Amino acid sequence: MNNRIKRYLIDGEGDTLDYKQEISSANKIAKTMVSFANHRGGTLLVGVRDNRTIAGIRTEDERYMLELAAAFYCKPEIKLKTIEHEIGGKVILECVVPAGESKPYYAKGEDDKWWVYVRSKDKSLLASKVTVDVLRRNASNSGTFIKYGKNEEMLLKYLEENERITLQEFRKKVNISKWRASKILVNLISAGVIRIHTHEKTEFYTLV
């Protein structure tokens, strides 16, 4: 076992590492792929159980499912790098997903619709509209011009005195539409003034 794989097994799953015992669904693995591409890249270890033991795989079957997902269930297509390793007589696949250059990346769901996913710790979570807009803004390299009005000032003052705020809380506090509140948040996140935190429950925002 090489040192890189050994380190992966020691570190455990996280925002750039995921274990898969097998690939049974192109839809499901596409979610993980796009969450890595929308993040800073990541690695799938296929043939490894959640408890970090080696299950092994049927190499050609797994390769086919990975390539199918990357080419037809991810938009834009994701270019994977797969490396085969033999450990204790069993084969595992190291599948490297690069950080995307054309964010946001979408995965095709079982409903045949395209959805954006992002990585949060060891989970691939459905992205909010604010997150999608931030990914799109940052990928455009168009820069962000911020005009500080009373709403922006109230938000920053609130975050100086409180740890966090949600979109709904911000919208109600300054009495503006969800669309307007989202636009302000996207501007401030893109400018590096506030940070977005995506969780399984409620997304929230903090000062950088």
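Preceding block: the structure.
Notes on the structure follow. (Residues numbered from 1 in each chain as written. Predicted model: local features only at pLDDT ≥ 70, side-chain atom pairs only at ≥ 80, totals over all residues. Heavy atoms only, no water.)

Our next topic: the packing of aromatic side chains. Tallying each qualifying case throughout the model produces 0 aromatic pairs. The ring of Tyr-106 has Lys-75 lying over it, and the distance from NZ or CZ to the ring centre is 5.8 Å. Sitting over the ring of Phe-204, Arg-164 keeps its end group 3.8 Å from the ring centre. (Phe/Tyr/Trp six-rings, centres within 6.5 Å; stacked < 30°, edge-to-face > 60°. Lys NZ or Arg CZ within 6 Å of the ring centre and 35° of its normal.)

The next subject is the sheet that holds strand β8 (residues 123-126). Taken in spatial order, the 4 strands line up as β3-β6-β7-β8 in an open sheet, and their pairing is antiparallel. At either margin of the open sheet sits one strand with a lone partner, and together these are β3 (74-75) and β8. In the sheet, strand β7 (residues 114-120) pairs with β8 via 4 bridges, with the strands oriented antiparallel. Note on β8: the bridge partner recorded for Ser-120 is Lys-123. Packing of helix α2 (residues 26-37) onto the sheet brings it into contact with β3, β6 (106-108), β7 and β8, and relative to β7 it is tilted by some 60 degrees. (Pairing = 2+ DSSP bridges. Helix = DSSP H or I, 4+ residues; strand = E, 2+ residues; numbered from the N terminus. Contact = heavy atoms within 4.5 Å. Axes fitted to C-alpha atoms, helices over the stretch in contact; angles between N-to-C directions.)

Two elements in contact, helix α6 (residues 167-174) and helix α7 (residues 178-190), have axes separated by 9 Å at closest approach and are oriented at 115 degrees. Taken together, the axis directions place α6 and α7 in an arrangement best described as roughly perpendicular. Remark: the crossing between α6 and α7 carries right-handed chirality. Contacts between α6 and α7 involve Leu-167, Phe-170 and Arg-171 from the former and Lys-178, Ala-181, Ser-182, Ile-184 and Leu-185 from the latter. (Parallel < 35°, antiparallel > 145°, perpendicular 65-115°, else oblique. Left-handed = near helix turned anticlockwise from the far one by under 90°.)

To continue, consider the side chain of Glu-94. Here Glu-94 lies in strand β5 (residues 90-97). For Glu-94, the side chain forms a polar contact with the side chain of Arg-4, separated by 2.7 Å. Among the polar contacts listed, one links the side chain of Glu-94 to the side chain of His-85, at a separation of 2.7 Å. Once residues within four sequence positions are removed from consideration, Glu-94 is found in contact with Arg-4, Ile-5, Tyr-8, Thr-43, Leu-44, Leu-45, Lys-81, Thr-82, Ile-83 and His-85. (Polar contact = N/O pair within 3.5 Å; in protein donor to acceptor, adjacent residues only side chain to side chain.)

So, on to the pairing of strand β1 (residues 17-20). One ladder, built from 4 bridges, connects β1 with strand β2 (residues 42-46); its direction is parallel. Of the residues in β2, the one forming a bridge with Tyr-19 is Leu-45. Considered for its hand, the β-α-β crossover made up of β1, α2 and β2 is right-handed. (Right-handed = clockwise from strand over helix to strand, strands pointing away.)

Quick look at the environment of Thr-198 now. Structurally, Thr-198 is set in the loop between β9 (194-197) and β10 (204-207). Spatially, the C-alpha atoms of Thr-198 and Lys-121 are 9.7 Å apart, while their sequence positions differ by 77 residues. Once you skip the residues sitting within four places of it in the chain, Thr-198 turns out to touch Val-118, Ser-120, Leu-125, Thr-131 and Glu-203. Within polar-contact distance, the side chain of Thr-198 engages the side chain of Glu-203 at 3.1 Å.

Strands sit in the order β1-β2-β5-β4 across an open sheet of 4 strands; the sheet is mixed. Taken across any chain shown, the strands that pair with only one partner, and hence form the sheet edges, are β1 and β4 (81-87). Strand-to-strand twist across the sheet, computed as the mean angle between neighbouring axes with direction ignored, equals 20 degrees. In terms of strand pairing, β2 meets β5 through 5 bridges, oriented antiparallel. Bridge pairing links Thr-43 to Val-96 in β5. The strands touched by helix α3 (residues 59-72) within the sheet are β2, β4 and β5, with β5 carrying the most contacts at an inclination of about 15 degrees.

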